[in-house]
Amino acid sequence: METRPYFVFGDIVANSLAGVLVGVAMGALFGPSWNMFIAMIVGMGLGMVLSMAVAFPMGALFGAMEVMVPVMTTGMVAGMVVSMTAAMEPVSVMRSAVLGLYSGGGTLLFCYVANIWIRGRASKWTS
Amino acid sequence: MDVVTKAKWDKAAANFDLMAGYGPEKRWEPFKRRLFSQMGEGRILFLAIGTGLDVPFFPPQRNITGIDISDQMIEKARPRVAEYDGDIELRQMDVHEMPFEDGEFDQIFTSCTFCSVPRPVEGLQALRRVLKPGGEVHMFEHTGSRYFPFLVMMNFMTQFSRRVGPDMNRTTVENVVEAGFQLEHVEHVFLDVVKMISARA
């Protein structure tokens, strides 16, 4: 697990930024007129693409794959969560941002736990 | 010479250090230093030396031949190579067309290389040819993941990344085995995406 404060700080900032950015964008794009399933699929794809705007500059500062993979996963999760919520009921900008922020935090935590678990399985030689 | 790959990396050379020179190198430094500490006294081939970002992590007084397909990358590497306390010869060439004799090197090192070699198994077979029997290859590589959701992510990212740089979904460990190397050790650095691979010819 990453314990160096500079990189932990970078991971938190990058995933929070990506979550808020994707959340606000998806909240603005989707509304109750959307079919929830279609909104989810489109939101996940757009979220991943949009999160690249955060992944590349933050990756240059805080690490390549260690930033890009969690941030793009955050984009996917935030896109899914906010687009589905917006398809069910109108969401404010603030609520979209908060949902995106929670998505980023949850995804980063998931990535840290997954990292510990997967690195522990290093004896299984696969790509 | 694979002119498409050469052109891609010549173009990337101008901004390569901006993207890869600080965060990624700082984050990977402890792992790379540990991997490169295995550089021995014999002849060493370093494949895809790029702009020389890894050179400061090399142990001193080693005899290294650093190759890269991009002459623009090699030009960027020269100042870092000039500061190295040891012998590094820089040469531009394609891994698929290396003019070296069979078994010329004792060890081979790579760093984020086989995400970009267009025909990775053939490239690894070319490395095995120039490595002495029983010689070591040590690799610091990023690959695809076998785990959801990272598997989806890496496949998705590759559709964009391969146009300007590396693939994100390579199966490098399997490729090493397929090329005829005897796999000795794999250590995951981040998820199963960034890893250190050691094998013997």
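Fair warning: this is a prediction, and the values are worked out from it, not measured in the lab.

Draft legend 1. Inspection of the interface of chain B and chain A at higher detail. Facing the 42 residues of chain B at the interface are 38 residues of chain A. The junction of chain B with chain A conceals about 3,400 Å² of combined surface from both sides, 69% of it contributed by carbon and sulfur atoms. Inspection of the chain B/chain A interface yields two salt bridges. The salt bridge involving D11(A) is made with R27(B); its shortest N-O contact spans 2.9 Å. Put simply, chain B and chain A have eleven residue pairs in polar contact (both at pLDDT 80 or more) between them. Looking at the side of chain B that touches chain A, the elements that each hand over two or more residues are helix 1 (3–20), helix 2 (23–36), helix 5 (150–164), helix 6 (172–178), strand 6 (182–190) and strand 7 (194–200) of chain B. With eight residues, strand 6 of chain B is the largest single contributor of residues to the side of chain B that touches chain A. Here the residues of the side of chain B that touches chain A are counted per class, giving 24 nonpolar, nine polar and nine charged.

Draft legend 2. Quick look at the pattern of salt bridges. Across all of its chains, the model carries 21 salt bridges over all chains by this definition. One salt bridge connects D10(B) with K6(B), and the closest N-O pair in it is separated by 2.5 Å. A residue pair is termed a helical-turn pair when its members lie 3 or 4 positions apart in one helix, as D10(B) and K6(B) do in helix 1 at four residues. Across the pair, exposure class does not vary: D10(B) and K6(B) are buried alike. Within the structure, one salt-bridge network assembled from shared partners comprises E2(A), R4(A), D11(A) and R27(B).

Draft legend 3. Spotlight on the layout of surface pockets. In this model, the second largest pocket occupies a volume close to 210 Å³. As for the second largest pocket, its lining consists of 16 residues, and the residues nearest its centre are M1(A), E2(A), N115(A), R27(B) and V189(B). Contributing elements (two or more residues each) for the lining of the second largest pocket: helix 3 (65–88) and helix 4 (93–119) of chain A together with helix 2 and strand 6 of chain B. Ranked by residue count, the leading element in the lining of the second largest pocket is helix 4 of chain A, at five residues. Of the residues assigned to the lining of the second largest pocket, the class counts are eight nonpolar, two polar and six charged.

Draft legend 4. Just the pairing of strand 4 (residues 105–111) of chain B, in detail. Residue and element names in this part refer to chain B. Burial within strand 4 is extensive, with six of its seven residues counted as buried. Bridge count for strand 1 (residues 43–47) against strand 4 is four bridges, and the pairing is parallel. Looking at the pairing, L45 lines up with I108 of strand 4. As defined by bridge partners, strand 4 adjoins strand 5 (residues 131–142) across six bridges and the pair is classed as parallel. What sits directly across from I108, in strand 5, is V137. Following the chain from strand 4 across helix 4 (residues 120–130) to the adjacent parallel strand 5, one finds a crossover that is right-handed.

Draft legend 5. Structural detail: the packing of helix 2 (residues 36–62) of chain A against helix 3 of chain A. Residues and elements named next belong to chain A. Relative to each other, helix 2 and helix 3 sit at 150°, their axes nearing to 6 Å. In terms of their interaxial angle, helix 2 and helix 3 are classed as roughly antiparallel. Crossing of helix 2 against helix 3: the hand is right-handed. The residue inventory of the contact of helix 2 with helix 3, partitioned by class, reads 20 nonpolar, seven polar and no charged.

Draft legend 6. Seen up close, the sheet that holds strand 1 of chain B. All names here are of chain B. Within the open sheet, the seven strands sit side by side as 3-2-1-4-5-7-6. Their pairing is mixed. Each edge of the open sheet carries a strand with a single partner, namely strand 3 (87–92) and strand 6. Averaged over neighbouring strand pairs, the angle between their axes works out to 15° when direction is ignored. Two strands pair when backbone bridges link them, and strand 1 and strand 2 (residues 63–68) are joined in this way by five bridges, in the parallel orientation. Bridge pairing links R43 to N63 in strand 2. Along the sheet face, helix 4 touches strand 1, strand 4 and strand 5 and points at about 145° away from the line of strand 5.

What counts and how
- Residues numbered from 1 in each chain as written.
- Chains lettered and ligands numbered in written order.
- Predicted model: local features only at pLDDT ≥ 70, side-chain atom pairs only at ≥ 80, totals over all residues.
- Heavy atoms only, no water.
- Contact = heavy atoms within 4.5 Å.
- Buried area = accessible area lost by both parts, 1.4 Å probe.
- Salt bridge = Lys/Arg side-chain N within 4 Å of Asp/Glu carboxyl O.
- Polar contact = N/O pair within 3.5 Å; in protein donor to acceptor, adjacent residues only side chain to side chain.
- Helix = DSSP H or I, 4+ residues; strand = E, 2+ residues; numbered from the N terminus.
- Nonpolar A, V, L, I, M, F, W, Y, C, P; charged D, E, K, R; others polar.
- Buried < 20%, exposed > 50% of the residue type's maximum accessible area, 1.4 Å probe, protein only.
- 1 Å grid on protein atoms, 1.4 Å probe; cavity = no way out; pocket = protein on both sides within 12 Å on 5 of 7 lines; lining within 4 Å.
- Points joined across faces, edges and corners; volume = space filled by probe spheres on them.
- Pairing = 2+ DSSP bridges.
- Right-handed = clockwise from strand over helix to strand, strands pointing away.
- Axes fitted to C-alpha atoms, helices over the stretch in contact; angles between N-to-C directions.
- Parallel < 35°, antiparallel > 145°, perpendicular 65-115°, else oblique.
- Left-handed = near helix turned anticlockwise from the far one by under 90°.

Nothing here speaks to function; it is geometry throughout.
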